[in-house]
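Here is how the chains run, residue by residue.
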Amino acid sequence: MQWQDDGFDAPERPIFVPTPADYLALAQTEKDSVVLQGLARRPYPFVWQALAANPHTPPVALQELSTARDSVWNDNRLLCLLAKHSGANPVVLRAVLGAVAAKLEEGERPYAAVLALADRVELAADEVRNLGTLRGASARLRHLLRVRLSLRT
């Protein structure tokens, strides 16, 4: 049997395998919406948060991120970043609203996201006010929610 060169032994052409740090760097700086959408499917919560902070992330990727789950702290931070994102349209904001409502019903406390949603005029005040009636809403959150919503008018 004769040996054949399959190309795997060629040291002049190393194989590049992206690391999580590469995905993070792209999520922080990329402007191409197709690339950003692809990054939203990566399994790294720090990449999701970087995408939610990147003003170039398109609404479709933001909506996809509204269902991403990792841990209580990471999920709550992600929802807050999504609620504050300048490119979040009403569809995205309602997806975030639904995710926040589910977390409150579970007894979690995504309070920063609730207050960020209260600042968004794209959502009706009644939609956001209803978050204060859910199981996880504290008296302090209900008070801050009333204050934030009163500042909108």
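For the structure itself, look to the data block above.
Below, the structure is looked at part by part. (Residues numbered from 1 in each chain as written. Predicted model: local features only at pLDDT ≥ 70, side-chain atom pairs only at ≥ 80, totals over all residues. Heavy atoms only, no water.)

Attention now goes to the nonpolar core. With 42 residues, the main nonpolar core has Leu51, Leu82, Val96, Val100, Leu117, Val128 and Leu131 as its most contacted residues. Here Val128 is in contact with Leu97, Val114, Leu117, Ala118, Leu123, Leu145, Leu149 and Arg152, once residues within four sequence places are set aside. (Core = buried A, V, L, I, M, F, W, Y, C linked by side-chain atoms within 4.5 Å. Buried < 20%, exposed > 50% of the residue type's maximum accessible area, 1.4 Å probe, protein only. Contact = heavy atoms within 4.5 Å.)

Before going further, it helps to examine the packing of helix H6 (residues 90-105) against helix H7 (residues 111-118). The axes of two packed helices give the description: the angle between them and the distance between them. For the pair H6 and H7, interaxial distance at closest approach is 10 Å and the crossing angle is 145 degrees. Every pair of crossing elements has a handedness; the one defined by H6 and H7 is left-handed. Counting all contacts with H6, which are made through Leu93, Val96, Leu97, Val100 and Leu104, the residues of H7 involved are Tyr111, Ala113, Val114 and Leu117. Across the contact of H6 with H7, the residue classes tally to 9 nonpolar, no polar and no charged. (Axes fitted to C-alpha atoms, helices over the stretch in contact; angles between N-to-C directions. Helix = DSSP H or I, 4+ residues; strand = E, 2+ residues; numbered from the N terminus. Left-handed = near helix turned anticlockwise from the far one by under 90°. Nonpolar A, V, L, I, M, F, W, Y, C, P; charged D, E, K, R; others polar.)

Here the focus is the packing of aromatic side chains. Per the counting criterion, the structure on display carries 2 aromatic pairs. Note on Tyr23 and Tyr44: the rings are 6.0 Å apart at their centroids and 25 degrees apart in plane angle, and the pair reads as stacked. In this pair, Tyr23 is assigned in helix H1 (residues 20-29) and Tyr44 in the loop between helix H2 (33-39) and helix H3 (45-53), connecting sequence segments 21 residues apart. Taking relative accessible area as the criterion, Tyr23 reaches 13% and is therefore assigned buried. Among the residues examined, Tyr44 registers a relative accessible area of 24% and is labelled partly exposed. Ring centres of Tyr44 and Phe46 lie 5.5 Å apart, and the angle between their planes is 25 degrees; on these two criteria the pair is classed as stacked. Every member of this aromatic cluster is reached through a ring pair, and the members are Tyr23, Tyr44 and Phe46. (Phe/Tyr/Trp six-rings, centres within 6.5 Å; stacked < 30°, edge-to-face > 60°.)

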